[in-house]
Amino acid sequence: MEEIQVRQVKEEEADQLMAFLLKHYYAEEPLTAGTSPPEPDAADKEFLLSNIPHGTCFLAILTEAQGQRIVGAVVAGPKDATAPQEVADEAAKHAGTKWGRILTALSAVETATDVCRRFQVPSSLHVHALGVDPAVRGRALGARLMTAAIQQARELGHRLVSVDCTSVYSARLVCGLGFELVHTLRYEHLKDSAGEQLIRPPAPHESIQTFVLRL
Ligand code: ACO
């Protein structure tokens, strides 16, 4: 009988986590899909993997007759009130690249939301990526992964979990978990220095919605 378990990512599983993210997260995630080229930059991948040592990344593992495989992942890491400046600095550093365009969008969101100051907490566990294999979507696996990250945030003493939902599906999912909407930025309003739309995501995605859960 098939069974899906959610557990922490081990440090030696970086390659397996990235192989999964490339196939089932990056290929569809609206910021990645909405900028060219389709493949994420090395700096983007490095950033996601740098979160593993925090112990705040989780895998969903399916066990079936043929063996085990990763069918879901969540990548999260801590942030504090320095986040708006740090993301702006990173966006400037990577200007002119795909990761730079993505960081420019995330910097606009970070500056507008500034969740640690807004909610007067020293830190937040921020969810950077959530992906589920299409073969097992619609079974609340994304919610199970988010719940594992939330539990870990509590154990680590964070008083907030935050997430910038770039996809309508992840926004719906976190609403169902009791997250509150803090901010909405429509993709059509995000422009680059030449006045062109910065990110052109595929339908039905229309905005980046920032949500928080107070712990
Ligand atoms: N396309 C079409 N339908 C979808 C998708 C999708 N990408 N995702 C979920 N659904 C549907 C499900 O089939 C289900 O339909 P049903 O109620 O008719 O059965 C319904 O939406 C609810 O699904 P959930 O169980 O809540 O979603 P699930 O946990 O399976 O997956 C997730 C949600 C993780 C966001 C998934 O869509 C995904 O991996 N997307 C690609 C990567 C991505 O965009 N991630 C989110 C970016 S934001 C961020 O990472 C912080």
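The structure this text deals with has already been given above.
Residues numbered from 1 in each chain as written. Predicted model: local features only at pLDDT ≥ 70, side-chain atom pairs only at ≥ 80, totals over all residues. Heavy atoms only, no water.

J.: I tried to follow the environment of cysteine 175 on my own but got confused; where do I start?
T.: Mapped onto the secondary structure, cysteine 175 falls in helix H8 (residues 168-176). Taking the relative accessible area as the measure of exposure, cysteine 175 reaches 45% and is therefore partly exposed. For the pair cysteine 175 and leucine 213, spaced 38 residues apart in the sequence, the C-alpha separation amounts to 9.7 Å. (Helix = DSSP H or I, 4+ residues; strand = E, 2+ residues; numbered from the N terminus. Buried < 20%, exposed > 50% of the residue type's maximum accessible area, 1.4 Å probe, protein only.)

J.: Help me understand the pairing of strand S3 (residues 67-79) in this model?
T.: Taken residue by residue, a regular strand's side chains alternate between the two faces of the sheet. As judged from the seven bridges shared by strand S2 (residues 58-64) and S3, these two strands associate in the antiparallel manner. Note on S3: the bridge partner recorded for threonine 63 is glutamine 68. If you look at the hairpin formed by S2 and S3, you'll find two residues sitting between the two strands. In this sheet, strand S4 (residues 124-132) lies alongside S3 in antiparallel orientation, the contact comprising eight bridges. The residue bridging valine 74 from the neighbouring strand is leucine 130, located in S4. (Pairing = 2+ DSSP bridges.)

J.: How do you make sense of the site of the ligand when you look at a structure like this?
T.: The environment of the ligand is made up of 22 residues, and the closest members are Leu130, Val132, Arg137, Gly138 and Gly142. For the ligand, a nitrogen atom lies 3.3 Å from a polar atom in the side chain of glutamate 28. With respect to the ligand, the side chain of arginine 137 contributes an N or O atom lying 3.0 Å from a nitrogen atom. When the free accessible area of the ligand is taken as 930 Å², the share hidden by the protein chains comes to 71%. The set of elements that each furnish at least two residues to the shell around the ligand consists of helix H1 (14-26), S4, helix H7 (141-155), strand S5 (160-165) and H8. The dominant element in the shell around the ligand, judged by the number of residues it contributes, is S4, at four residues. Across the shell around the ligand, the residue classes break down as 10 nonpolar, seven polar and five charged. (Near = heavy atom within 4 Å. Polar contact = N/O pair within 3.5 Å; in protein donor to acceptor, adjacent residues only side chain to side chain. Areas by Shrake-Rupley, 256 points an atom, 1.4 Å probe, with all protein chains shown as cover. Nonpolar A, V, L, I, M, F, W, Y, C, P; charged D, E, K, R; others polar.)

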